Amino acid sequence: QYSPECVAGADGELDPSEVTFPGCSCRSGCCAPPQCPCLRHGESYGSGPRLRLAGQRAPRFSRPVFECGSLCRCGQGCGSRLVQRGLRLRLQAFRTARKGWGVRALQPVPAGSFVCEYAGEVLGAAEARRRLRAQAAQQPNYIIAVREHLHDGRVLETFVDPTRVGNVGRFLNHSCEPNLFMVPVRVDSMVPKLALFAATDISAGEELTYDYSGRFHNLPATSREDKPLEEEENTLRKPCYCGSRTCASFLPWDSSLFSTP
């Protein structure tokens, strides 16, 4: 079932459509930090609007990204409304030589542009683990676990499963040298939209990919891929066919989703 945005999972633990943020009282067509309370504590969009890409001297922790929401008075013309407007680019799902389905751009995509959301059912941790354990080894896995590491040591987890309900994002392949990166963007609630942005200028016809492990544009210490793998875990890993110069030979693997918390 196609859905342009995330929906509540069958477990009913989280509802991404629930409005919990109060909204701003800005009356201008475009909000700006630090005046706008929605943007005061997070990153704002640059020109375009596009996400500002970190330079070589990136801070240890990136700032969160918020958008003005349904209770804001700024109106639909506000420049901080981007991901919530949904897909605006011309994309095409196509059959690749070795990776099954893939997605390519049918138009040039400038760096920092929003491409699409990774949409599906938003699950609680218990339901996400139950579904993963129920999968056969040969079945494709679409469930993604996104972990946001806070400065005080806390970790926020978001699980999205587009297996039964989802959008074009479910067909995006992994690459060890991707041209997209994922950013959690919050609009009306703390349940984020998993937004994919262009990491570099992308040509028309180029396949769109992102790093399933989350290492790209993140600190190595935040990835659970860095710990040594047990022999049993190696046998469960699937080969990577991205073809990049730095290919790790296997798709990313997170054993914590198969263990009892």
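Everything numeric in this text was worked out from a predicted model, so none of it was measured.

**Some remarks on the overall build of the protein chain**
If you tally the helices and strands in the protein chain, you get two helices and 12 strands. Reading the protein chain from its N end, one meets helices and strands in the order β-β-β-β-β-β-α-β-β-β-β-β-β-α. Burial statistics for the protein chain: of 261 residues in total, 44% are counted as buried. For the protein chain, the proportion of contacts with a sequence separation of at least 24, taken over those separated by at least 6, is 67%. Looking at the protein chain as shown, the accessible area adds up to about 14200 Å², and 51% of this sits on carbon and sulfur atoms.

**Examining the pairing of strand β8 (residues 155-161)**
Direction of pairing for strand β6 (residues 121-123) relative to β8: antiparallel, over a ladder of three bridges. Within β8, the position partnered with Val122 by the bridge is Val160. Bridge count between strand β7 (residues 144-149) and β8: six bridges; the pairing is antiparallel. Bridging across to β8, Glu148 finds its partner in Leu156.

**Structural notes on the sheet that holds β6**
With mixed pairing, four strands are arranged side by side in an open sheet as β1-β6-β8-β7. Each edge of the open sheet is held by one strand with a lone partner, namely β1 (7-8) and β7. On the sheet, helix α1 (residues 125-134) packs against β6 and β8 and is oriented at approximately 110 degrees with respect to β6.

**Quick word on the side chain of Glu67**
Within the secondary structure, Glu67 sits in the loop between β2 (65-66) and β3 (91-95). Buried and without a salt bridge, Glu67 has Arg81 as its closest oppositely charged side chain, separated by 7.1 Å. At 3.2 Å, the side chain of Glu67 and the backbone nitrogen of Leu82 are in polar contact. Of note is the side chain of Glu67, whose polar atom sits 2.8 Å from the side chain of Gln84.

Rules of the game
- Residues numbered from 1 in each chain as written.
- Predicted model: local features only at pLDDT ≥ 70, side-chain atom pairs only at ≥ 80, totals over all residues.
- Heavy atoms only, no water.
- Helix = DSSP H or I, 4+ residues; strand = E, 2+ residues; numbered from the N terminus.
- Buried < 20%, exposed > 50% of the residue type's maximum accessible area, 1.4 Å probe, protein only.
- Contact = heavy atoms within 4.5 Å.
- Areas by Shrake-Rupley, 256 points an atom, 1.4 Å probe, with all protein chains shown as cover.
- Pairing = 2+ DSSP bridges.
- Axes fitted to C-alpha atoms, helices over the stretch in contact; angles between N-to-C directions.
- Lys, Arg positive; Asp, Glu negative; His and termini not counted.
- Salt bridge = Lys/Arg side-chain N within 4 Å of Asp/Glu carboxyl O.
- Polar contact = N/O pair within 3.5 Å; in protein donor to acceptor, adjacent residues only side chain to side chain.

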